[in-house]
Amino acid sequence: MSEIGAPSAIGVPAQREPVEMTAALDEESDRVALRLAIDAAGVGAFVWDLVSGRLRWDERLLELFGLDESSFGGTIEAFNACVHPDDLARVTAAAGLAIATCGDYVAEYRVVRPEGGVRWIEARGRAFAETEGGPAVRLVGAAYDTTEVHEGEARIGRVLESMSSAFYQLDAEWRFTYVNSEAERLLGAGRAHLVGRSVWEEFPAAIGSEFEVNYRSAVATGRPVSFEAYYPPPLDGWYEVRAWPSPEGLAVYFVDISDRREAQDALSRSADRLALLASVSEGLTGTLDPTEGVSLLATLLVPSLADWCLVTLVDDPHATDWRRGLTDAGWAHADPAMHETVEQYASLRLRAMTDESYLARAIRDMTTVLMESGATDKVAAVLREGAARDRLRELDPESAVAVPLRARGRTVGVVTAFRGGNRRAFTADDASLLEDIGVRAGLALDNARLYEEQRDVAEALQRSMLTDPPQTPHLEVVTRYSPASDAARIGGDWYDAFLQQNRGPGNNDVVVVVGDVVGHDVEAAAAMGQVRGLLRGIAVHSGYSPAAVLSGVDHVMESLRLETTATAVVARLEHHPRPGAAAGEEVVLRWAHAGHPPAMLVGPDGVVTRLADVEDNDLLLGLDPETKRAERAAFLEPGSTLLFYTDGLVERRGRDVGQGIKALEELLRELEPGTADLEVLCDRLLAQMIGDQPEDDVALLVVRWNPETVA
């Protein structure tokens, strides 16, 4: 047997046996070399018998998974137990596809080894059928460890594919070079289509938008950018985007935040709605004047809810003629240049409206009228030809909504809001918001109406009992009554001046009274009438001095069981002939206080004196009939002025009674010496002490004795 590999003679044919041995040796060498290569690469083989379910692994594959023959179950379930839970669905899907198509199987996944370590495995294989066109009966393949081999780019790619954020890479020419699966889903295009194409060509709406501005800024500055932006249809969504520049181009991560933005917008709309409702409630409850309330309502609605609006007060919603008792009392426009136009329209439209108008429907049917488009033409159609229609066309509303303001079962007004064509049209949600506002506004306006009615009743009742003072020689008496701006504060203050018969040689005495019944409402006004009548009757009938008059009132109030208390100051000006040969008279002033702010005496020299202090300012009337009333007396110098008032003149928010009395003293020192006319003096005192919005009602009585004046 020749030696393997011995040379043959030139021209002599080689012997057959050495040739066969060489081929066999070469085949064995190839197998060994292949085995060595497989071992060197760490590749393991597997065979899955789909008929029996048996899964066979070679020794190398068992080693890759950290198992041996005894610890591996030899089933697909045993394999699945090794695969990382996050990758199992993807691996199962890849195997299922290969089996279903008798095609290739490719999967890369993580395995959890028994000791707890995690390795990356890449597997490749093919499914085979026994007969052509038949079902797959076997899946054969190989797998190897890619944990270290693909540590770099492969690892990044896997992360990009498995992460929930969308990612794509753009090159320096703004072409797609990579697109992960989440980006494919959000962009609505596969990577096979996108890679190599320009982002601006594939997504032209991005040109000139936040996307282009931020992308180009990142590339130009070399700094990452982060922003939120909306892309119109077909994507039609909001995205949170982060982009990092690199020498290769731009890496972009993005997430669809449409749901979040929608929730934020809904929350923002809800917050705006609540804020508007709160501002309407707060604003309207802060006034008891219906006209002021509707004007404020119009201001609150513009521009937050409407471009312009009108608020109509309804006096009688059941009137035969629906126009009767209607007043456009409030209006506003977001554009100052259109204020005059709205005002003119408000002054004209009610007379120009036909019975088919939206305002008539809102009042008659007590329902909201919504015009989502074409509001100018729709409203003009129910206006008679003329100036009102002309003003409407200048205002040019595109959408409108009219909402009745209801309270206590009646329509008290209508608010009509308008939007122009450059603003989103009114919707049913907007109408619902206006209806909520209407509930609050209607109740506030009706409260204002009721308060105003109560105010009118109380003020009329009170004024009916405030009679004119008597006219006596050389004694000037001037009175003022100023009701509170708040209707609920009316009712308790009064002044009075009357004659009391002088039992001596002089003329009749003059008694002046200023008082304040505790409480504020119509009942307080009625109680005031009782106390005032008692005091006047006792004084006139008895001729008592001031302290005795107050004591008499105490006893009668207890006897009649009047459930009220009051403060009062009573003063009597007694005329006595001057002794001696010279003609004339002198005046003695007697006074007593019952818990009332001190009266003021201003001498002819301008010195201001309080007529009461703590010691002689007794209890309120109606508390204790046995209390001893203090009384004081003094001569009144010619030219002297007396000031009697209720606490509303000196007390207000931020200033207590003591501070107010001191301020009144200082004001009297400033005004009285140079103010000869008592009418002017009273007006100035009221203007500077309480202003245009008195917080409480005020009764004021001023007396000046001047014997030099001509009777």
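Quick look at the structure, then. None of the values given here were measured: they were computed from a predicted structure.

1. Regarding the pairing of strand β10 (residues 249-256)
A regular strand carries its side chains on alternate faces of the sheet. Pairing geometry for strand β6 (residues 166-171) and β10, over 6 bridges, is antiparallel. Bridging from a neighbouring strand, Y168 pairs with V252 of β10. Where strand β9 (residues 237-246) lies against β10, 8 bridges are found, and the strand directions are antiparallel. Among the inter-strand pairings, P245 is bridged to a residue of β10, identified as L250. Counted between consecutive antiparallel strands, the loop separating β9 from β10 contains 2 residues.

2. Side note on the nonpolar core
Side chains of nonpolar character tend, in soluble globular proteins, to be buried together. Residues V512, L573, L642, F644, L701 and V703 are the most contacted members of the largest nonpolar core, which totals 49 residues. Here the element with the most residues in this core is helix α17 (residues 522-542); it accounts for 7 residues. Membership of the second largest hydrophobic core comes to 30 residues, among which are I363, A380, L392 and V414.

3. Notes on empty space enclosed by the protein
Taken as a whole and assessed by the stated rule, the structure comprises 2 cavities of 30 Å³ or more. As a volume, the largest cavity reaches approximately 170 Å³. Taken together, 13 residues make up the lining of the largest cavity; nearest its centre are Y168, L187, F211, Y215 and Y231. Elements supplying a minimum of two residues to the lining of the largest cavity: α8 (199-202), α9 (210-221) and β9. When the residues that make up the lining of the largest cavity are grouped by side-chain class, the tally is 13 nonpolar, no polar and no charged. Counted as a void, the second largest cavity has a volume near 40 Å³. Together, G648, E651, R652, M689, I690, Q693, P694 and E695 line the second largest cavity.

4. Quick notes on helix α13 (residues 358-365)
Within α13 the residues assigned to the buried category are Y358, L359, A360, A362 and I363. One or two positions beyond α13, positive phi appears at M366, with a value near 55°.

Cut-offs applied
- Residues numbered from 1 in each chain as written.
- Predicted model: local features only at pLDDT ≥ 70, side-chain atom pairs only at ≥ 80, totals over all residues.
- Heavy atoms only, no water.
- Pairing = 2+ DSSP bridges.
- Helix = DSSP H or I, 4+ residues; strand = E, 2+ residues; numbered from the N terminus.
- Core = buried A, V, L, I, M, F, W, Y, C linked by side-chain atoms within 4.5 Å.
- Buried < 20%, exposed > 50% of the residue type's maximum accessible area, 1.4 Å probe, protein only.
- 1 Å grid on protein atoms, 1.4 Å probe; cavity = no way out; pocket = protein on both sides within 12 Å on 5 of 7 lines; lining within 4 Å.
- Points joined across faces, edges and corners; volume = space filled by probe spheres on them.
- Nonpolar A, V, L, I, M, F, W, Y, C, P; charged D, E, K, R; others polar.

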